[in-house]
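Residue strings, one per chain:
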Amino acid sequence: MYAAGREALAQHRAIAALGGWPVIPEGPVLRGGMSDPRVALLRRRLEISGDLSAVGATKWSGTSYFFDPQLAQALAHAQCRHRLSVDGLLGSATLRALNVPVERRIAQLRVNLERGRQVLHEIRDADLVVVDVAGFEVHYLRARKRIWQARAVIGQPYRKTPIFKASIDDIVLNPTWTVPPGILDKDILPLLRKGDRSVLERENLQGLDRSGKVRDPASIDFSTFTARSFPFTLRQDSGPTNVLGVVKINFPNLHLVYLHDTPSKSLFDETKRAFSSGCIRTERPLELAELLLVDPVHWNRAALDAAVASGETRTVRVPRPVPVLIIYWTADRDDDGSMVFKPDPYGRDARELAALDRPFRPGKRPQL
């Protein structure tokens, strides 16, 4: 992966030395079968970045304004590399991505090579779960090969998914959900303090006192409490509407985040999936649970489905803790070897590039 990034950096620097790629003017959406002067610029842009050759398209010797099927294939390849909706049309989002100057792509590669230098040594032959925050994906690696991947929903920009490493130690089937301090403070307690107890009913939440006894919300004066002094636990029972879905994958950490299922499956169809409060919602989580449990006799998929169908909340220990690496990767290598450029949902690239470009001085590493 690091070698591919270095090779891509050299290629993009060579492109920059030759003047970069053309800027395609704004205009109507371009699609296959159309004729437009901008098509010639699009063709040149995709030729320089290697997307035309990647789909086996022949190089044009002259200027063509016709949007042919091969060009649509090359554009779809570029859209996939930039993690856009793949439709073979030159719309506004695709135009913006293609018009990013090559110098910015060089900077993006440099930043991600530095990230790679810091974390890629964590990837060993043992099993590893990788959460690709900027790519909105989760991967399972075995012997350094990706054997499973799924789409993920990450934290919103103002409730970011933290970047760290930990070890997965257990899986909870049919989990309950305890409202974490951040959501209590920002979302629920402000409504309760105003007297709006309906939020508890809407979210199917019960209030438990310190002895574990369920309290009647009508008997509590919530206006007297802050998040720090709040003496109750708000819990959502397991079930089809539980925010954690049917499975929760734990890895102890100070950030109180974890991987989990979700009843809101439609969000996985979005291209940019930053909707959570920091935890990672995972598509097809029972497949991931089966990989983690490594027990084809007792915990195969049929056994997991039966346990979920029982409705019983059950915690299953992972036989061997599996490391989880939550990374922020805005440039990556695709399965076909192509270089992928992803969005920067948390705006980290510019800050880290500025740190890279500072003059070297010995001393304490700055906090980014």
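Before reading on, note that the structure itself is shown above.
Read on for an overview of the structure. (Residues numbered from 1 in each chain as written. Predicted model: local features only at pLDDT ≥ 70, side-chain atom pairs only at ≥ 80, totals over all residues. Heavy atoms only, no water.)

1. Focus: the overall build of the protein chain
Across its full length, the protein chain holds 11 helices and 15 strands. The C-alpha extent of the protein chain, read off along each of the three principal axes, is 80 × 55 × 50 Å. Counting only residues that meet the buried cut, the protein chain has 46% of its 368 residues in that class. Contacts spanning at least 24 positions in sequence make up 65% of the contacts within the protein chain whose residues lie at least 6 apart. Approximately 19300 Å² of the protein chain is accessible, and the part contributed by carbon and sulfur atoms is 53%. (Helix = DSSP H or I, 4+ residues; strand = E, 2+ residues; numbered from the N terminus. Buried < 20%, exposed > 50% of the residue type's maximum accessible area, 1.4 Å probe, protein only. Contact = heavy atoms within 4.5 Å. Areas by Shrake-Rupley, 256 points an atom, 1.4 Å probe, with all protein chains shown as cover.)

2. Side note on the packing of aromatic side chains
Inspection of every chain in the model, using the stated rule, returns 6 aromatic pairs. Taking the centre distance of 6.2 Å and the plane angle of 40° together, the rings of F164 and F251 count as tilted. Here the residue F164 occupies a position in the loop between β3 (145–155) and β4 (165–173), and F251 occupies one in the loop between β9 (247–250) and β10 (259–260), the gap between them amounting to 87 residues. Of the residues examined, F164 reaches a relative accessible area of 14% and is grouped as buried. Both rings, one in F225 and one in F232, keep their centres 5.8 Å apart while their planes meet at 85°; by these two values the pair is edge-to-face. A single burial state applies to F225 and to F232, both of which are buried. A cation over an aromatic ring shows up here: R105 above the ring of F341, its NZ or CZ 4.8 Å from the ring centre. Directly above the ring of Y346 sits K160, whose terminal nitrogen or CZ lies 5.7 Å from the centroid. (Phe/Tyr/Trp six-rings, centres within 6.5 Å; stacked < 30°, edge-to-face > 60°. Lys NZ or Arg CZ within 6 Å of the ring centre and 35° of its normal.)

3. Examining helix α9 (residues 285–293)
Burial runs high along α9: 7 of the 9 residues are buried. Among the residues of α9, those classed as buried are P285, L286, L288, A289, L291, L292 and L293.

4. Describing unusual backbone geometry
Residue R144 is not a glycine yet carries a positive backbone phi of 70°. Of note in the backbone geometry, L256 takes a positive phi value of approximately 60° without being a glycine. Along the chain, the position of L256 falls in the loop between β9 and β10.

5. Some details on the environment of F222
Looking at the secondary structure, you find F222 in the loop between β7 (214–215) and β8 (233–236). Through-space distance from the C-alpha of F222 to that of P190 is 9.4 Å; in sequence the pair is 32 residues apart. Leave out the neighbours within four places in its chain, and F222 touches L192, R193, R197, L200, P217 and F230.

6. Side note on the sheet that holds strand β5 (residues 177–178)
Each strand in a sheet pairs with another by means of backbone hydrogen bonds, the pair being arranged parallel or else antiparallel. Taking strand neighbours across the sheet as the criterion, the 4 strands line up as β5-β8-β6-β7 in an open arrangement whose pairing is antiparallel. Of all strands in the sheet, those with a lone pairing partner are β5 and β7, marking the two edges. As defined by bridge partners, strand β6 (residues 205–208) adjoins β7 across 2 bridges and the pair is classed as antiparallel. Each residue of the ladder has a partner; that of G207, found in β7, is R215. (Pairing = 2+ DSSP bridges.)

7. Quick word on the packing of helix α6 (residues 102–119) against helix α11 (residues 348–357)
Contact geometry of α6 with α11 gives a least axis separation of 9 Å together with a crossing angle of 80°. Between α6 and α11, the angle falls in the class roughly perpendicular. On α11, the residues touching A107, Q108, R110, V111, E114 and R115 of α6 are R348, D349, E352, L353, L356 and D357. Across the contact of α6 with α11, the residue classes tally to 4 nonpolar, 1 polar and 7 charged. (Axes fitted to C-alpha atoms, helices over the stretch in contact; angles between N-to-C directions. Parallel < 35°, antiparallel > 145°, perpendicular 65-115°, else oblique. Nonpolar A, V, L, I, M, F, W, Y, C, P; charged D, E, K, R; others polar.)

8. Brief notes about the nonpolar core
Core analysis: the largest hydrophobic core is formed by 59 residues, its most contacted members being V129, I168, I171, L173, F251, L259 and L292. Per-element accounting of this core gives the leading share, 6 residues, to α9. Setting aside chain neighbours within four positions, we find F251 in contact with F164, A166, S167, I168, V257, Y258, L259, V324 and I326. In this structure, I24, A57, L71 and L75 belong to the second largest nonpolar core, which totals 15 residues. (Core = buried A, V, L, I, M, F, W, Y, C linked by side-chain atoms within 4.5 Å.)

9. Points about empty space enclosed by the protein
By the definition in use, this model includes 1 cavity of 30 Å³ or more. Put simply, the largest cavity is a space of about 110 Å³. As for the largest cavity, its lining consists of 14 residues, and the residues nearest its centre are M1, G5, N112, L113 and A331. Those elements that place two or more of their residues in the lining of the largest cavity are α1 (2–17), α6 and β14 (331–333). (1 Å grid on protein atoms, 1.4 Å probe; cavity = no way out; pocket = protein on both sides within 12 Å on 5 of 7 lines; lining within 4 Å. Points joined across faces, edges and corners; volume = space filled by probe spheres on them.)

10. Thoughts on the pairing of β4
For β4, the tally of buried residues reaches 7 of 9 residues, placing the bulk of the element in the interior. Sheet topology note: the β4/strand β13 (residues 314–327) ladder contains 8 bridges and is antiparallel. Across the sheet, residue V172 finds its bridge partner in β13, namely T315. Bridge count between β4 and β9: 4 bridges; the pairing is antiparallel. What sits directly across from L173, in β9, is V247.

11. Focus on the packing of α9 against helix α10 (residues 301–310)
Helices that pack against each other are described as a pair by the angle of their axes relative to one another and the distance between those axes. The contact between α9 and α10 brings their axes to 10 Å, and the two run at 120°. On the basis of their axis angle, the class for α9 and α10 is oblique. Where α9 crosses over α10, the two elements pack in a sense that is right-handed. Contacts between α9 and α10 involve L286, E287, A289, E290 and L293 from the former and R301, L304, D305 and V308 from the latter. A class-by-class count of the residues in the contact of α9 with α10 yields 5 nonpolar, no polar and 4 charged. (Left-handed = near helix turned anticlockwise from the far one by under 90°.)

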